[in-house]
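Chain residues, written in single-letter form:
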Amino acid sequence: MRCSVESVPLLQGVIDCIDVGALVLDANHCIVLWNRWMSQHSGVLSAETLERNFFDLFPEQRDKRLDTAIGQALNNNMPALLSQTLNRWPLPLYSNKAAAEKGVRMQQQITVTPLNLANGERYCLIQVSDVSAAVQRESLLREQAMALRSQTLLDDLTGVANRRHFDMAIDRETRRARRMGTSLSLMMLDIDFFKAYNDHYGHQQGDACLEAVASALSTMQQRPADLFARYGGEEFAVILPDTPGDAAVMMANAMCRKVRDLRIPHQASRTDERIVTISIGVASTDAGHAGEVYDLINAADRALYQAKACGRNRVESL
């Protein structure tokens, strides 16, 4: 059955002025109004659409979410808003000629609204908004927020995790170890005689030393959950989830060797080699016996103090 509707020039003029796509379907899914915006972005003129079935013009929309929304509006008087996240490019609409030539559809938000006339005839209004710019802005803001968040969790000098990041991670991993019944190890490490290094070589060279040590040691943590962080000054910390004490001590000894292998001169050091070295204290919780955060940190601190008291350039554990 052919669809027909009396022309409404004034209404057509109004909808041609709005900056969104607007089309009206009758109860048979035939297009009775099609505004200029739709013509501009689809390449289909209004005269080519009138009295055509919407799904003949857009066959890919049959049995899709838009088809369901139109049916609900016409049969059940229910409006619908198609999620832009799930329905980004439903209709072949393009922001400009260049985009059309490349086949890059605009990102769309579509609303379907039932229209009930006094004579009982049912129609539905479909409005299409170009949200491409809004989506791009949202994506940019999200990227900027992520970059800002990353910056707030990184140490400005060394680029490794900062104290704030460490505090968040050790709290999270301690709670996880307690909940899952897994082991957790923590290293606290210190560059030996670093104050003497700064006094001898100057603070600029001291910063370069910190960067070199941090860069070398940060590459040794291979698992995503491991965290190497600057704890403060010349002190660093390493969080090792699901790692028993003996494995943590092995890694700590490897880290001491790694720093020695850098062969950074340290004439003010009181160690025999006169190179930059580190001391490490290791504390661990047995599987299923994770205590409080401060207990683990205090234990690692005591082990570090013991390493220093025993001559530095070594690993001690509790």
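Residues numbered from 1 in each chain as written. Predicted model: local features only at pLDDT ≥ 70, side-chain atom pairs only at ≥ 80, totals over all residues. Heavy atoms only, no water.

Draft legend 1. Seen up close, the nonpolar core. Formed by 27 residues in total, the largest nonpolar core has its most connected members in Leu189, Ile191, Leu217, Phe228, Met255, Ile278 and Ile280. Of all the elements in the fold, those that place two or more residues in this core are strand 6 (184-191), helix 9 (194-201), helix 10 (203-218), strand 8 (235-241), helix 11 (245-262) and strand 9 (278-285). The residues contacting Ile191, other than those within four sequence positions of it, are Cys209, Leu210, Val213, Glu234, Phe236, Val276, Thr277 and Ile278. Grouped together as the second largest cluster of nonpolar side chains are 26 residues, Leu25, Trp34, Phe55 and Leu82 included. (Core = buried A, V, L, I, M, F, W, Y, C linked by side-chain atoms within 4.5 Å. Buried < 20%, exposed > 50% of the residue type's maximum accessible area, 1.4 Å probe, protein only. Helix = DSSP H or I, 4+ residues; strand = E, 2+ residues; numbered from the N terminus. Contact = heavy atoms within 4.5 Å.)

Draft legend 2. Spatial organisation of the side chain of Gln108. Following the sequence through the fold, Gln108 ends up in strand 4 (residues 108-116). There is a polar contact of 2.7 Å between the side chain of Gln108 and the backbone oxygen of Leu91. Within the local environment of Gln108, its side chain forms a polar contact with the backbone oxygen of Met106, the two atoms lying 3.3 Å apart. Once residues lying within four places of it in the same chain are set aside, the contact partners of Gln108 are Gln84, Asn87, Arg88, Trp89, Pro90, Leu91, Leu93, Val128, Ser129 and Val131. (Polar contact = N/O pair within 3.5 Å; in protein donor to acceptor, adjacent residues only side chain to side chain.)

Draft legend 3. Main features of the sheet that holds strand 10 (residues 315-317). Spatial ordering of the open sheet is given by 7-8-6-9-10, a layout of five strands whose pairing is mixed. Every other strand in the sheet has two partners, leaving strand 7 (227-232) and strand 10 as the edge strands with one partner each. If you compare each strand with its neighbour and ignore which way they point, the axes differ by 20° on average. Here eight bridges tie strand 6 to strand 9, and the two strands are oriented antiparallel to one another. Bridge pairing in strand 9 places Leu184 opposite Thr285. (Pairing = 2+ DSSP bridges. Axes fitted to C-alpha atoms, helices over the stretch in contact; angles between N-to-C directions.)

Draft legend 4. Expanded view of the confidence of the model for the protein chain. Summarising the model, the protein chain shows a mean pLDDT of 90, and 94% of its residues fall at 70 or more. This model gives residues 1-5 a pLDDT under 50, and the stretch forms nine contacts once residues within four places in sequence are excluded. (pLDDT = per-residue confidence, 0-100.)

Draft legend 5. Region of the structure containing the sheet that holds strand 2 (residues 31-34). Strands sit in the order 2-1-5-4-3 across an open sheet of five strands; the sheet is antiparallel. Each edge of the open sheet carries a strand with a single partner, namely strand 2 and strand 3 (80-82). Neighbour to neighbour, the strand axes of the sheet diverge by 15° on average, direction disregarded. Where strand 1 (residues 21-26) lies against strand 5 (residues 122-130), six bridges are found, and the strand directions are antiparallel. If you follow Asp26 over to strand 5, its bridge partner there is Tyr123. Contacts from helix 1 (residues 9-17) reach strand 1 and strand 2, with the element oriented near 50° to strand 2. This element, helix 5 (residues 65-76), spans strand 1, strand 3, strand 4 and strand 5 of the sheet and lies at about 145° to strand 5.

Draft legend 6. Structural detail: the packing of helix 10 against helix 11. Contact geometry of helix 10 with helix 11 gives a least axis separation of 10 Å together with a crossing angle of 135°. Between helix 10 and helix 11, the angle falls in the class oblique. Helix 10 and helix 11 meet at a crossing whose hand is right-handed. Packed against helix 10, whose contacting residues are Ala212, Val213, Ala216 and Leu217, the element helix 11 presents Met255, Lys258, Val259 and Leu262 at the interface. For the contact of helix 10 with helix 11, the class distribution of residues is seven nonpolar, no polar and one charged. (Parallel < 35°, antiparallel > 145°, perpendicular 65-115°, else oblique. Left-handed = near helix turned anticlockwise from the far one by under 90°. Nonpolar A, V, L, I, M, F, W, Y, C, P; charged D, E, K, R; others polar.)

Draft legend 7. Seen up close, the pairing of strand 9. Among the eight residues that make up strand 9, seven are buried, leaving the element largely enclosed by the rest of the structure. Note: strand 9 against strand 10, three bridges, orientation parallel. Directly across from Gly281, in strand 10, lies its bridge partner Glu316.

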